[in-house]
Amino acid sequence: MTIGKDTIGMIGVGLMGHGIASNIVKHGYPLVLLDHPGNQPMDSLLAAGAAKVASPAQVARQANIIILCVTGTPQVEDVLFSPNGLLQGLRPGTVVIDCSTAIPSSTVRIAQVVTEAGGQFLDAPMTRTPKEAAEGRLNLLVGGERELFERCQPLLRCYAENITYVGPIGSGHRMKLLHNYVSLGCAAVIAEAAACAQRAGIDASVLVDVLANGGGGGVALERLRPFIQSGDDSGLRFSLSNAHKDLGYYTTMAEETGATHIAADAIEQLFKRGAKEAAPNTTLPHLVALLANDKT
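Residues numbered from 1 in each chain as written. Predicted model: local features only at pLDDT ≥ 70, side-chain atom pairs only at ≥ 80, totals over all residues. Heavy atoms only, no water.

1. Brief notes about the pairing of strand S4 (residues 65-68)
Convention followed: Summary of the burial criterion: residues with accessible area below 20% of their type's maximum are buried, those above 50% are exposed, and those between are partly exposed, where the area comes from a 1.4 Å probe applied to protein chains only. Numbering of helices and strands runs from the N terminus, with a helix taken as a DSSP run of H or I at least four residues long and a strand as a DSSP run of E at least two residues long. Strand pairing follows a simple DSSP-based rule, namely that at least 2 bridges must link the two strands.
Burial along S4 is two-sided: the residues Ile-65 and Ile-67 and Ile-66 and Leu-68 are all buried. The sheet contact formed by strand S1 (residues 8-11) and S4 spans 4 bridges and is parallel. Directly across from Ile-11, in S4, lies its bridge partner Leu-68. Bridge count between S4 and strand S5 (residues 95-98): 4 bridges; the pairing is parallel. Across the sheet, the residue bridging to Leu-68 is Asp-98, located in S5.

2. Remarks on the state of the cysteines
Stated formally: Two cysteine sulfurs form a disulfide in these notes if their separation is within 2.5 Å.
The tally for this structure, following the rule as stated, stands at 0 disulfides. The thiol of Cys-158 is unpaired, and the distance to the nearest cysteine sulfur, on Cys-152, comes to 11 Å. Residue Cys-158 is classed as buried on the basis of its relative accessible area, which comes to 4%. Here Cys-196 is not cross-linked by a disulfide; its sulfur's nearest cysteine counterpart is in Cys-186, at 18 Å.

3. Quick notes on unusual backbone geometry
Positive phi values are uncommon outside glycine, yet Arg-128 reaches one of about 90°. Of note, Arg-128 is situated in the loop between strand S7 (126-127) and helix H7 (130-135). Accessibility expressed as a relative area gives 28% for Arg-128, which makes it partly exposed. Positive phi, normally seen in glycine, also occurs at Asn-281, with a value near 70°. Within the fold, Asn-281 resides in the loop between helix H13 (262-277) and helix H14 (287-292). Given a relative accessible area of 65%, Asn-281 falls into the exposed group.

Rendered as structure tokens:
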């Protein structure tokens, strides 16, 4: 199979997936998109030559490489196993690349099913934000056979700046959960501190400057800084519900491996509370305001 001539299928054209799709089209790949209510507007992609179809099975019938960019494990399993799912149209040799955040034990099972059906599988979850997705500057964490990883690199480099081969199938998703636990955990600690500072009468700019110049500096603080100082949540377009989901996946992985997850349990409960109290799709920075206004 010659990667440069392959038709790429895309399932999940949301905030991250739209950026991925845009960069794939820019690099001249034929692209087939699953039409779905959760997609971002696809007019620009269709105008650039992409096609859309009505089911995952139809994507599989037309594409040689299929990228999944959906919310999580239930959605990945639905895409694969539903009555008109991807497995119904999968052709021998087709590569499935799962860029979603998922429970690694499910990933390993799904990869086995795809392989038994004649396909090939990589898990290649992402870090960074929709901004970097649109710029083609995502970070990818890839699990799977090294030979397949090397063969797919030209496609992956269309939308990624940093690509790390982590290990066998499932390793990419394991590394993604470790990464998100640390990054979201740092954001949770900063959000809780910012809420406490607000109640304690500490000026927001003073708080941010002291943290930045000391032990609290880093990516999480810089992404939350605009909201802490002026209520601008554009620095971290990641929902509280997704944060809660990812921490739940992390604690599941920790339980399955016998690892300690005491701090993770507390952070998961914080995000669960925030997601429950906030409107749907509320972004993580708003956790600061939710906690500052907490009446309990």
